[in-house]
Number of protein chains: 2
Amino acid sequence: MVVSEAGRRIAEYPRPQADVFDQNCPSRSVLDHVTSRWGVLILDALRERPYRFNELRRRIGGVSEKMLAQTLQTLERDGFVLRDAHPVIPPRVDYSLTPLGRQAADLTDALKTWVEQHVPEVLDARDRHDARAEA
Amino acid sequence: MVVSEAGRRIAEYPRPQADVFDQNCPSRSVLDHVTSRWGVLILDALRERPYRFNELRRRIGGVSEKMLAQTLQTLERDGFVLRDAHPVIPPRVDYSLTPLGRQAADLTDALKTWVEQHVPEVLDARDRHDARAEA
DNA sequence: CGGTATCCTGAAGGATACTG
DNA sequence: CAGTATCCTTCAGGATACCG
């Protein structure tokens, strides 16, 4: 599991100064979860509206069931995603953002949007870089 | 190499609509580079000021030489980081942000800052979640 | 439908040694 | 100092099968 690493907080080491540059700081793990490969995309999708599991899977190109479930669990545990399981048959589970998750998602969305807008510049930079490398 | 996957752009598939949810869109790779484990931290560090290689290594807790070099190369290729090698002995190489890189770094910094400020809430959420799981 | 369990492979990434 | 090269380990993550 993704969450296992710095998972449980040790009682003797409670809430230290948050500093991502410190490898032992819990903020590092939170940042890792939020910026994880599928984390960003999940947060961004849920920003539109709540999604059901397979619906979300279709929305996000290339996720496997396993990674979607795993990443959702991680985000749920961190308090970013709300899992609402309806006791019906067939099962129905809705995933949505918590208020905390929405704040995070707004920031990742800003990043996503910026990236989408600047892809051409990046591709140009790559071309120039590769041209130099060949010479 | 990290950059190898969707590296070279194919002539017949030039600059499609940018959509991170499409697994074949180049924006996906750009987002992956920017949000990569060390990418965020490197961008954020260089936001303070230019850094030399080992200086940067010390600034960022837990990076190996290999990953630092690799991630720097990726970010340089994408046009986010400028590598300035001085022809002196001993060697001196300064890394800094390009204007494009600074824009990206400002966004990742917003995310980093938000995360650092909300770590306590996330840790609380984790505690509550784990408590539920045990019951 | 919405998962979990298991297995397996390729890639990420660390450690070490070496070089200009 | 600033890397590269090599080796080796870990783990992300895909495929498949099964379950409530």
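Look up: the structure comes first, before these words.
These remarks concern the structure in this document. Along each chain, residue indices are assigned from 1 in the same order as the chain's sequence is written. Both sets of labels track the order of writing: A upward for chains, 1 upward for ligands. Thresholds applied to this predicted model are a pLDDT of at least 70 for local features of residues and 80 or more for the giving and counting of side-chain atom pairs; totals over whole chains, interfaces and linings are not thresholded and use all residues. Only heavy atoms go into the side-chain values, all of them from the structure, while hydrogens and water stay out.

**Overview of the pairing of strand S2 (residues 81-86) of chain A**
Under the convention used in this document: For two strands to be treated as a pair, DSSP must find at least two bridges joining them. For the purposes of this entry, the term helix denotes a DSSP run of H or I that reaches at least four residues, the term strand denotes a run of E that reaches at least two, and both are numbered from the N terminus.
In terms of strand pairing, S2(A) meets strand S3 (residues 92-97) of chain A through six bridges, oriented antiparallel. Residue pairing across strands places A:His86 opposite A:Arg92, the latter belonging to S3(A).

**Notes on the sheet that holds strand S3 (residues 92-97) of chain B**
All names here are of chain B. The test is simple: We call two residues in contact when some of their heavy atoms are within 4.5 Å. Structural elements are reduced to axes, namely lines fitted to C-alpha atoms, with helices fitted over the stretch in contact, and the angle between N-to-C directions of any two is expressed from 0 to 180 degrees.
Strand order in this open sheet of three strands is S1-S3-S2, and the pairing throughout is antiparallel. Strands at the two margins of the open sheet, each flanked by one partner only, are strand S1 (51-52) and strand S2 (81-86). Running over the sheet, helix H2 (residues 37-48) touches S1, S2 and S3 and is turned about 95 degrees from S3.

**Some thoughts on the relation of the copies chain B and chain A**
The following threshold applies: Copies overlap after least-squares fitting; the atoms used are the C-alpha atoms of residues with pLDDT of at least 70 in both.
Placing chain B over chain A gives an RMSD of 0.0 Å and needs a rotation angle of 180 degrees, together with 0.0 Å of translation along the axis. Both chain copies can therefore be described as sitting about a two-fold axis. For chain B, the minimum C-alpha distance to the rotation axis belongs to B:Thr35 and amounts to 2.7 Å. A shared interface surface links the copies, since 100% of the contact residues of chain B are contact residues in chain A too.

**Considerations on the protein's contact with DNA strand D**
Here is the rule: We define proximity as follows: a residue is near a molecule or strand when any one of its heavy atoms falls within 4 Å of that partner. Polar contact is defined as a pair of N or O atoms within 3.5 Å, subject to the rule that within protein one atom must be able to donate a hydrogen and the other to accept it, and that residues adjacent in sequence are counted only when both atoms are side-chain atoms. Under this grouping Gly is polar, as are all residues other than the nonpolar Ala, Val, Leu, Ile, Met, Phe, Trp, Tyr, Cys and Pro and the charged Asp, Glu, Lys and Arg.
The environment of DNA strand D is made up of 17 residues, and the closest members are A:Ser64, A:Lys66, B:Arg52, B:Arg83 and B:Tyr95. Backbone atoms, meaning sugar and phosphate, make up 63% of the atoms of DNA strand D lying within 4 Å of the protein. Between a phosphate oxygen of DNA strand D and a side-chain N or O atom of A:Ser64, the distance comes to 2.8 Å. Taking B:Gln73, its side chain carries an N or O atom lying 3.3 Å from a phosphate oxygen of DNA strand D. Sorting the residues of the surface near DNA strand D by element identifies helix H2 (37-48) and helix H4 (65-77) of chain A together with helix H3 (53-59), helix H4 (65-77) and S3 of chain B as the ones contributing at least two each. Here the element with the most residues in the surface near DNA strand D is H4(B); it accounts for three residues. Residues of the surface near DNA strand D, tallied by class, amount to nine nonpolar, three polar and five charged.

**Description of helix H5 (residues 99-134) of chain B**
Rule in force here: Here, expected helix span is obtained from the residue count minus one, scaled by 1.5 Å. Two axes enter the bend calculation: one fitted to the seven residues ending at the residue in question, the other to the seven starting there, and the bend is the angle between them.
With 36 residues, H5(B) extends 50 Å between its outermost C-alpha atoms, agreeing within 8% with the 52 Å of an ideal straight helix rising 1.5 Å per residue. Its axis deflected by about 55 degrees at B:His118, H5(B) carries its strongest bend there, up to four residues before the proline B:Pro120.

**Some points on the pattern of salt bridges**
Put simply, the rule is: Basic side-chain nitrogens of Lys or Arg form a salt bridge, by our definition, when they fall within 4 Å of a carboxyl oxygen of Asp or Glu.
Applying the stated criterion to the full structure yields 16 salt bridges over all chains. One continuous salt-bridge network, built from bridges that share partners, spans A:Arg47, A:Asp106, A:Asp109 and A:Lys112.

**Focus on the sheet that holds S2(A)**
Think of a sheet as strands paired side by side through backbone hydrogen bonds, with each pair either parallel or antiparallel. Taken together, the three strands give an open sheet; going across it, the order is S1-S3-S2 (chain A), and neighbouring strands pair in antiparallel fashion. Looking along the sheet, the strands with just one partner apiece sit at the ends: strand S1 (51-52) and S2 of chain A.

**Digging into unusual backbone geometry**
Generally, phi is negative for residues other than glycine and the peptide bonds are trans, each holding for most cases. Here the bond from A:Ile89 into A:Pro90 is cis, since omega is 0 degrees, no more than 30 degrees from zero. For A:Pro90, the position within the fold is in the loop between S2 and S3.

**Side note on the packing of H2(A) against helix H5 (residues 99-134) of chain A**
Residue and element names in this part refer to chain A. Quick reminder of the rule: In these notes the angle categories are as follows: under 35 degrees is roughly parallel, over 145 is roughly antiparallel, 65 to 115 is roughly perpendicular, and the rest is oblique.
At a closest axis distance of 9 Å, the pairing of H2 and H5 adopts a crossing angle of 105 degrees. One way to sum up the angle between H2 and H5 is to call them roughly perpendicular. Contact residues: H2 offers Val40, Leu43, Asp44, Leu46 and Arg47, while H5 offers Gly101, Arg102, Ala105, Asp106, Thr108, Asp109 and Lys112. Of the residues assigned to the contact of H2 with H5, the class counts are four nonpolar, two polar and six charged.

Such coordinate-based values are descriptive only and should not be taken to indicate function.
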